[in-house]
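# Notes for the structure review
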Amino acid sequence: MTDSPIQVVALNVGQTTAVVYHGRATTTAGDKRPVAAAWLGPEGFDGDAQADRQNHGGPDKAVCAYPSEHYPYWQAQVGRALAFGAFSENLTLAGLTESEAHLGDIYSVGEAVVQVCQPRIPCYKLAGRLDYPEAPDLIQVTGKSGFCLRVRQPGQVHTGDAVTLIEAHPAAVSIQFVNEVLYRHKTDRASYEAILAVDAAAVVLRKIIRRQLQRELAE
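Residues numbered from 1 in each chain as written. Predicted model: local features only at pLDDT ≥ 70, side-chain atom pairs only at ≥ 80, totals over all residues. Heavy atoms only, no water.

The next point concerns helix α4 (residues 175-182). Listed as buried for α4 are I175, V178, N179, V181 and L182. An end-on view of α4 places all buried positions within 160° of arc, on one side of the element. The elements touched by buried residues of α4 are β10 (112-119), β11 (147-153), α5 (189-196) and α6 (203-218). Remark: R184 follows α4 within two positions and exhibits a positive phi of approximately 65°. (Buried < 20%, exposed > 50% of the residue type's maximum accessible area, 1.4 Å probe, protein only. Helix = DSSP H or I, 4+ residues; strand = E, 2+ residues; numbered from the N terminus. Arc of directions from axis to C-beta. Contact = heavy atoms within 4.5 Å.)

Written out as structure tokens, the structure is:
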């Protein structure tokens, strides 16, 4: 863990809208805008929506968090300023990156209690929102994914709230490590099994890791 305090520098919510990304018509709730405060329930913030419930939202993806530390990198890549919420994250955090967030770690944020359960897995909608088609591939290369949180205790959250570690998971499997396995920078069996051993890992993450492990064993 970093010694620096962790803080919510932006709290972002959005509703479903129709858009065209690189010639492809779709619906998205990825246009997240900042608010001063919102109630966080078991499946997300009041005032926030998910257009694709199969791939977004639900208890294991109730909250998307993204490190503010990554914004300078992405601004250099896309060649323009990016406002917080550009990665469709609900919480823009300062002081907590993928190397410091571990599967199963439990944090308080405002009145709520949340748990880290998987990396944020990017799709074409993020590339469209950023108007930068290379974004998903670069996230795989760099590991600048952000991460998803499940809600252990509902409560009110404010912009500026402190984020405090309540309980560190003993396995200490970082989101950075998970990304290295997900994107096959690490392909040894022990690495796959280390993730599967964390009972707090999201259901969909466990399915992906099992599928990749089976593929590795078959090759």
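Moving on, we get to the environment of Q212. As for its placement among the helices and strands, Q212 is situated in helix α6. In sequence terms Q212 and Y183 are 29 residues apart; their C-alpha atoms lie 9.8 Å from each other. There is a polar contact of 3.4 Å between the side chain of Q212 and the backbone oxygen of L182. (Polar contact = N/O pair within 3.5 Å; in protein donor to acceptor, adjacent residues only side chain to side chain.)

Two elements in contact, α4 and α5, have axes separated by 10 Å at closest approach and are oriented at 130°. With respect to α5, the element α4 is oriented oblique. Where α4 crosses over α5, the handedness of that crossing is left-handed. Residues F177, V178 and V181 of α4 form the contact with α5, whose participating residues are S191, Y192, A194 and I195. Considered class by class, the residues forming the contact of α4 with α5 number six nonpolar, one polar and no charged. (Axes fitted to C-alpha atoms, helices over the stretch in contact; angles between N-to-C directions. Parallel < 35°, antiparallel > 145°, perpendicular 65-115°, else oblique. Left-handed = near helix turned anticlockwise from the far one by under 90°. Nonpolar A, V, L, I, M, F, W, Y, C, P; charged D, E, K, R; others polar.)

Once that is clear, we can look at the pairing of strand β1 (residues 6-13). With six of eight residues buried, β1 is to be regarded as a mostly interior element. Pairing of β1 with strand β13 (residues 162-167) involves two bridges; the strand directions are antiparallel. Residue I6 lies in a different strand from β13, and its bridge partner there is V163. Inspection of the sheet shows β1 paired to strand β8 (residues 91-94) by four bridges, in the antiparallel sense. Of the residues in β8, the one forming a bridge with V8 is L93. The pairing of β1 with strand β4 (residues 33-35) spans three bridges and is antiparallel. Bridge pairing links L11 to V35 in β4. (Pairing = 2+ DSSP bridges.)

As a further point, take the packing of helix α1 (residues 71-78) against helix α3 (residues 135-142). The relative placement of two packed helices comes down to the angle between their axes together with the axis-to-axis distance. Between α1 and α3, whose axes approach to 13 Å, the crossing angle comes to 140°. Accordingly, the angle class assigned to the pair α1 and α3 is oblique. For α1 against α3, the interelement crossing comes out right-handed. Here Y73, W74 and Q77 of α1 lie close against α3, whose contacting residues are A135, L138, I139 and T142.

Right, let's talk about α3 for a bit. Side chains that are three or four residues apart share a direction in an α-helix, a result of its 3.6 residues per turn. Among all positions in α3, only A135, P136, L138 and I139 are buried. Looking straight down α3, one finds its buried side chains confined to an arc of 160°; they lie on one side. Counted as exposed and oriented over 90 degrees from the buried face of α3: D137 and V141. G143 sits one or two residues past α3 and shows a positive phi near 75°.

Next up on the list: the side chain of N179. Counting through the fold element by element, N179 comes out in helix α4. For N179, a relative accessible area of 2% puts it in the buried group. Residues in contact with N179, not counting those within four places in the same chain, are E98, P119, G143, S145 and H185.

One open sheet accounts for three strands, arranged β6-β5-β12; its pairing is antiparallel. Of all strands in the sheet, those with a lone pairing partner are β6 (44-45) and β12 (155-158), marking the two edges. In this sheet, β12 lies alongside strand β5 (residues 37-41) in antiparallel orientation, the contact comprising four bridges. Looking at β12, one finds that A38 is bridged to V157.

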